[in-house]
Amino acid sequence: MTEPRAVTEPHPLTQLLQRLTQRVRAFDRRRPLVWDLLVTTFFVGAALVDASGGWRNVAPDTDVPDWLVFLMSVGLSLPVLWRRRHPMAVLTVMVATGLVNSWSGAMLQAALIQMLVLFSIAMRLPLRTLGWAGLMMTVPLVVGAVRYPENSWDQQIIPNVWAYAVVALLGIAVRSRQDYTEALVERARQLEVERDQQAQLAAAAERTRIAREMHDIIGHNLSVITGLADGGSYAAAKSPERAAQALEAIGSTSRQALGELRRLLDVLRDDAPAPAELAPQPALTDLDQLIDGVRAAGLAVRTTVQGSPDTVPAGRQLTVYRVVQEALTNTLKHGGPGATATVDVTYAEEGVTVEVTDTGAGGPRPSGEGRGRGLTGMRERTALYEGTLEAGPLPRPTGGWRVRLHLPKDRETAT
């Protein structure tokens, strides 16, 4: 296994150049006109210095009037000020001046300033426009070669064409680099947006999960406590021992509910130390304890179990437990006096099936719409494992309510 390469810092000189480049670019973005004025002043000054007499060293015709040399020097340098806003218009003016320059025989070196405009065109305009710009710049070269044939074509045209090509390629390379950098910046921005969206979705899912767990814990345990309290109040006058047993059951149920709520709420605290021992989530082996608590609250429950829960994953066991808990809680709340319940659990090759029925004749049960979260939570848990949940009243004259859950076998476990 290869070791990861150590990340080396750039050379101090490279870092200095990067900082200077970033500062220049930042200044250019803030003050573009100032930068354009500085660049234009530099090239106008260089062109006028050449116009003061240096141009005669390479000119085929040294008798060109000074006023024409001055005008051509200005025409080849001053338009640089507008090169970024109107590059093709600037290039047209400079090419026209270059034609006069080539025809007159002055051959001013200021004509090379056109390459700065060519670089701007390569940076900002389509490649087709760049091609037309290159052809336009070649025309003065051809005119000069035809006008003064004593200098060979390969001396007048080929070096300049190569220079134009190099400048155009450099502009394309810088443009590609900037586009790549902008794409990376945009990608980073999109990743930040996606990260924030994922965090919001995760927070919403966690809030939904916590609300569902709190509903299951509080709703069930309070229903059991209510049933025990009602039974204890009836038994207080006739059987003080039964009343004491009811109070003891109320205490144990309350402590169990508080413990589950404490473990659930501790998850929300970032600064909470990890406890040495965490009680596991309820599983199918805890169904007997759940049903015993419901029986203690006064609801007669009969259970039948077929198969073994050993092959059912923990998440699916929790779903089955919560569905049975919610169904029995609804029976306690809405079943009315004398109601009984039946819990049938079947473990088979195709999955686990649970059916909870009761003989309650109380008021209408919650449908999962509106503010109630009972059946909504059961359906969410069932959908998480691609299961099916059916809940509704039994046909008369029997009456009562029926909740049927089926969770298919885990595909990963099956394979």
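The structure we're discussing is the one just above.
Residue positions are given per chain, counting from 1 as you read along its sequence in written order. This being a predicted model, a pLDDT of at least 70 is required before a residue's local features are given, and a value of 80 or more before pairs of side-chain atoms are given or counted; all residues contribute to the totals for chains, interfaces and linings. In computing side-chain values, all of the structure's heavy atoms are included and hydrogens and water are not.

## Things to note about the pairing of strand S3 (residues 351-358)
Turning to step 1, where the next piece is worked out: Burial analysis of S3 places seven of its eight residues in the buried class, which makes it a mostly covered element.
Turning to step 2, where the next piece is worked out: Across eight bridges, strand S2 (residues 340-348) lies against S3 in antiparallel orientation. Paired with Val 343 across the bridge in S3 is Val 356.
Turning to step 3, where the next piece is worked out: Hairpin connection between S2 and S3: a loop of two residues separates the two successive antiparallel strands.
Turning to step 4, where the next piece is worked out: In this sheet, strand S5 (residues 401-408) lies alongside S3 in antiparallel orientation, the contact comprising eight bridges. Residue pairing across strands places Thr 357 opposite Arg 402, the latter belonging to S5. Any residue under 20% of the maximum accessible area for its type is buried, any over 50% is exposed, and the rest in between are partly exposed; the area is computed with a 1.4 Å probe on protein chains only. In DSSP terms, a helix is any run of H or I states spanning at least four residues, a strand is any run of E spanning at least two, and both are numbered starting from the N terminus. What makes two strands pair is DSSP finding at least two bridges between them.

## What to know about the packing of aromatic side chains
Turning to step 1, where the next piece is worked out: Here a pair means two rings of Phe, Tyr or Trp (six-membered ring of Trp) with centres within 6.5 Å. Their orientation is stacked below 30 degrees between planes, edge-to-face above 60, and tilted elsewhere. Per the counting criterion, the structure on display carries one aromatic pair.
Turning to step 2, where the next piece is worked out: Relative to Phe 43, the ring of Phe 42 has its centre 5.2 Å away and its plane inclined at 80 degrees; by these criteria the two rings are edge-to-face.
Turning to step 3, where the next piece is worked out: Among the residues examined, Phe 42 registers a relative accessible area of 59% and is labelled exposed.
Turning to step 4, where the next piece is worked out: Accessibility expressed as a relative area gives 22% for Phe 43, which makes it partly exposed.
Turning to step 5, where the next piece is worked out: A ring is considered to have a charge above it if a Lys NZ or an Arg CZ atom is located within 6 Å of its centre and within 35 degrees of its normal. When the ring centre of Trp 103 is taken as reference, the NZ or CZ atom of Arg 147 above it lies at 4.2 Å.

## Brief notes about helix H2 (residues 32-51)
Turning to step 1, where the next piece is worked out: With 20 residues, H2 should cover 28 Å at 1.5 Å per step; its first-to-last C-alpha distance of 28 Å lies within 8% of that length.
Turning to step 2, where the next piece is worked out: Along H2, the positions that sit buried rather than exposed are Asp 36, Val 39, Thr 40, Val 44, Ala 47, Asp 50 and Ala 51. Projection of H2 onto a plane perpendicular to its axis shows the buried side chains occupying an angular sector of 130 degrees, all on one side. Across H2 from its buried face, at more than 90 degrees, point the exposed residues Leu 38, Thr 41, Phe 42 and Val 49.
Turning to step 3, where the next piece is worked out: Against helix H3 (66-77) and helix H5 (114-124) lie the buried residues of H2. Multiplying 1.5 Å by the residue count of a helix minus one yields the expected span of that helix. Of all possible arcs, the one meant is that of the directions from the helix axis to the C-beta atoms. Two residues form a contact once any of their heavy atoms are found within 4.5 Å.

## Here we look at unusual backbone geometry
Turning to step 1, where the next piece is worked out: The backbone of Met 107 sits at a positive phi, close to 50 degrees, despite the residue not being glycine.
Turning to step 2, where the next piece is worked out: Position of Met 107 among the secondary structure elements: in the loop between helix H4 (87-104) and H5.
Turning to step 3, where the next piece is worked out: The backbone phi angle of Glu 386 is positive, close to 60 degrees, even though this residue is not glycine.
Turning to step 4, where the next piece is worked out: Counting through the fold element by element, Glu 386 comes out in the loop between helix H12 (374-384) and strand S4 (388-393).
Turning to step 5, where the next piece is worked out: Looking at Glu 386, the relative accessible area reads 53%, which means it is exposed.

## Considerations on the packing of H5 against helix H6 (residues 127-147)
Turning to step 1, where the next piece is worked out: Where helices are involved, their axes are fitted lines through C-alpha atoms of the stretch in contact, as for all axes, and angles between N-to-C directions lie from 0 to 180°. Orientation of H5 relative to H6, taken along the N-to-C sense of each, is 165 degrees, at an axis distance of 9 Å. Taken together, the axis directions place H5 and H6 in an arrangement best described as roughly antiparallel. Between H5 and H6 lies a crossing of left-handed hand. Residue-level inspection shows Gln 114, Met 115, Leu 118, Ile 121 and Ala 122 of H5 in contact with H6, the latter providing Thr 129, Leu 130, Ala 133 and Met 137.
Turning to step 2, where the next piece is worked out: Looking at side-chain class alone, the contact of H5 with H6 contains seven nonpolar, two polar and no charged residues. The cut-offs work like this: below 35 degrees is roughly parallel, past 145 is roughly antiparallel, 65 to 115 is roughly perpendicular, and the gaps in between are oblique. Definitions for this section: a left-handed crossing has its near helix turned counterclockwise from the far helix by less than a right angle. A right-handed crossing has that turn clockwise. Polar here means any residue other than Ala, Val, Leu, Ile, Met, Phe, Trp, Tyr, Cys and Pro, which are nonpolar, and Asp, Glu, Lys and Arg, which are charged; Gly is therefore polar.

## Side note on the pattern of salt bridges
If charged atoms from side chains of opposite charge come close, those side chains can pair.
Turning to step 1, where the next piece is worked out: One speaks of a salt bridge when a side-chain nitrogen belonging to Lys or Arg is within 4 Å of a carboxyl oxygen belonging to Asp or Glu. The full count for this structure, using the stated rule, is nine salt bridges.
Turning to step 2, where the next piece is worked out: In this structure, Glu 186 engages Arg 189 in a salt bridge whose closest nitrogen and oxygen atoms are separated by 2.6 Å. In this pair, Glu 186 and Arg 189 are both assigned in helix H8 (residues 158-238), three residues apart and thus about one turn of the helix distant.
Turning to step 3, where the next piece is worked out: Close ionic contact of Glu 349 with Lys 409 constitutes a salt bridge, the shortest N to O distance being 3.7 Å. Of this pair, Glu 349 sits in the loop between S2 and S3 while Lys 409 is found in the loop between S5 and helix H13 (411-414), placing the two residues 60 residues apart along the sequence.
Turning to step 4, where the next piece is worked out: Through salt bridges with shared partners, a single ionic network connects Glu 355, Glu 390, Arg 402 and Arg 404.

## Concerning the nonpolar core
Turning to step 1, where the next piece is worked out: Grouped together as the largest cluster of nonpolar side chains are 34 residues, with contacts concentrated most on Trp 55, Val 64, Leu 91, Leu 108, Leu 118 and Met 137.
Turning to step 2, where the next piece is worked out: Broken down by secondary-structure element, the contributors of at least two residues to this core are H2, H3, H4, H5, H6 and H8.
Turning to step 3, where the next piece is worked out: In this structure, Met 137 is in contact with Leu 91, Val 95, Gln 114, Met 115, Leu 118 and Tyr 164, ignoring residues within four places of it in sequence.
Turning to step 4, where the next piece is worked out: Take the buried residues of types Ala, Val, Leu, Ile, Met, Phe, Trp, Tyr and Cys, join any two whose side-chain atoms come within 4.5 Å, and each joined set is a nonpolar core. Core analysis: the second largest hydrophobic core is formed by 29 residues, Leu 287, Val 301, Val 345 and Leu 389 among them.

## What about H4?
Turning to step 1, where the next piece is worked out: Over its 18 residues, H4 extends 25 Å from the first C-alpha to the last, a length consistent with the 26 Å expected when each residue adds 1.5 Å.
Turning to step 2, where the next piece is worked out: Those residues of H4 that are buried lie in contact with H3, H5 and H6.
Turning to step 3, where the next piece is worked out: One or two positions beyond H4, positive phi appears at Gly 105, with a value near 90 degrees.

## What to know about the sheet that holds S5
Turning to step 1, where the next piece is worked out: In spatial order, the strands read S1-S2-S3-S5-S4; together these five strands make up an open sheet with mixed pairing. Only two strands of the sheet have a single neighbouring strand rather than two, namely strand S1 (300-306) and S4. Neighbouring strand axes in the sheet, compared pairwise and without regard to direction, differ in orientation by 10 degrees on average.
Turning to step 2, where the next piece is worked out: Where helix H10 (residues 287-296) meets the sheet, its contacts fall on S1 and S2, and the angle it forms with S1 comes to roughly 165 degrees.
Turning to step 3, where the next piece is worked out: Helix-sheet contacts for helix H11 (residues 314-334) involve S1, S2, S3, S4 and S5, and the interaxial angle to S5 is about 175 degrees.

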